[in-house]
Amino acid sequence: MEFKTFEEFYSKAEEIARIIREKYPNNAITTKLVGDFTEITDCFFIGELSQTIQNSLTSNSKQLRISFTNLVKNIAKHSEIDARMFKKAIKYINSADNQYNDKDKMIFEKIIEADLYQIIIKTTKNKKENYLLSFYKANHKKR
């Protein structure tokens, strides 16, 4: 399936997320479950990371993508994040208030309209691709 815009990509993900949210409790929503609801394997380019972040990830790429499956899962579990916020994710990452590594992931914290949000990204093992794994309103105090 070919998506021309992020809005189109998001809209399709939102349709599937809505169905999943109606059938399953939040704690049951996993990547595997989402995979059972869709065969779409597309990814969407959402922006470029700063050189500093690329270096911290030890990545060979500045490009940040989100997979359709992760977008569906994120929408289903974190409905407080809308398409507008996803479109600004790269801006939030590059201007994060705090960032730290956690195993093989990098977590960015950003205060947006007085609330703390976390964005988690990961680089593939071959260091060629970076993916946004999760974006949500944190339920703890800022670090």
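This write-up is about the structure you can find in this document. Residues take numbers from 1 onward in each chain, read along the sequence in its written order. In keeping with the model being predicted, local features are shown solely for residues with a pLDDT of at least 70 and side-chain atom pairs are shown and tallied solely at 80 or more, while totals for entire chains, interfaces and linings include all residues. Side-chain metrics rest on all non-hydrogen atoms present in the structure, leaving aside hydrogens and water.

**What about the nonpolar core?**
Most often, soluble globular proteins have nonpolar side chains that are buried together. Applied cut-off: By nonpolar core we mean a set of buried residues, namely Ala, Val, Leu, Ile, Met, Phe, Trp, Tyr and Cys, connected to one another through side-chain atoms within 4.5 Å. Throughout, exposure labels follow a simple rule: accessible area from a 1.4 Å probe, protein chains only, divided by the maximum for the residue type, with under 20% read as buried, over 50% as exposed, and the rest as partly exposed. Only DSSP runs of H or I covering at least 4 residues are called helices, and only runs of E covering at least 2 are called strands; the numbering of each starts at the N terminus.
Counting residues in hydrophobic clusters, the biggest one holds 40 residues, and the most contacted among them are Phe 6, Ile 66, Leu 71, Phe 86, Ile 121, Leu 132 and Phe 135. The leading source of residues in this core is helix α1 (residues 6–23), at 7 residues.

**Comments concerning α1**
To be explicit about the condition: What a helix should span is 1.5 Å times the count of its residues minus one. By construction, the arc corresponds to the directions joining the helix axis to the C-beta atoms. Here, two residues are considered to be in contact whenever any of their heavy atoms come within 4.5 Å of each other.
For α1, spanning 18 residues, the distance from its first C-alpha to its last is 26 Å, which sits close to the expected 26 Å at 1.5 Å a residue. Every buried residue of α1 is accounted for by Phe 6, Phe 9, Tyr 10, Ala 13, Ile 16, Ala 17 and Ile 20. Seen from one end, α1 has its buried residues packed into an arc of 135 degrees, which puts them on one side. As for α1, its buried residues are in contact with α2 (31–37), β1 (43–48), β2 (63–67), α4 (68–77) and α5 (83–87).

**Things to note about the pattern of salt bridges**
Heads up, the rule is: A pairing counts as a salt bridge when a side-chain nitrogen of Lys or Arg comes within 4 Å of a carboxyl oxygen of Asp or Glu.
In the structure shown here, the tally under the stated rule is 4 salt bridges. Measuring nitrogen to oxygen at the nearest pair gives 3.6 Å for the salt bridge that ties Lys 12 to Glu 15. Of the two residues, Lys 12 and Glu 15 both sit in helix α1, 3 residues apart, roughly one turn of that helix. Overall, Lys 12 belongs to the partly exposed group, its relative accessible area being 26%.

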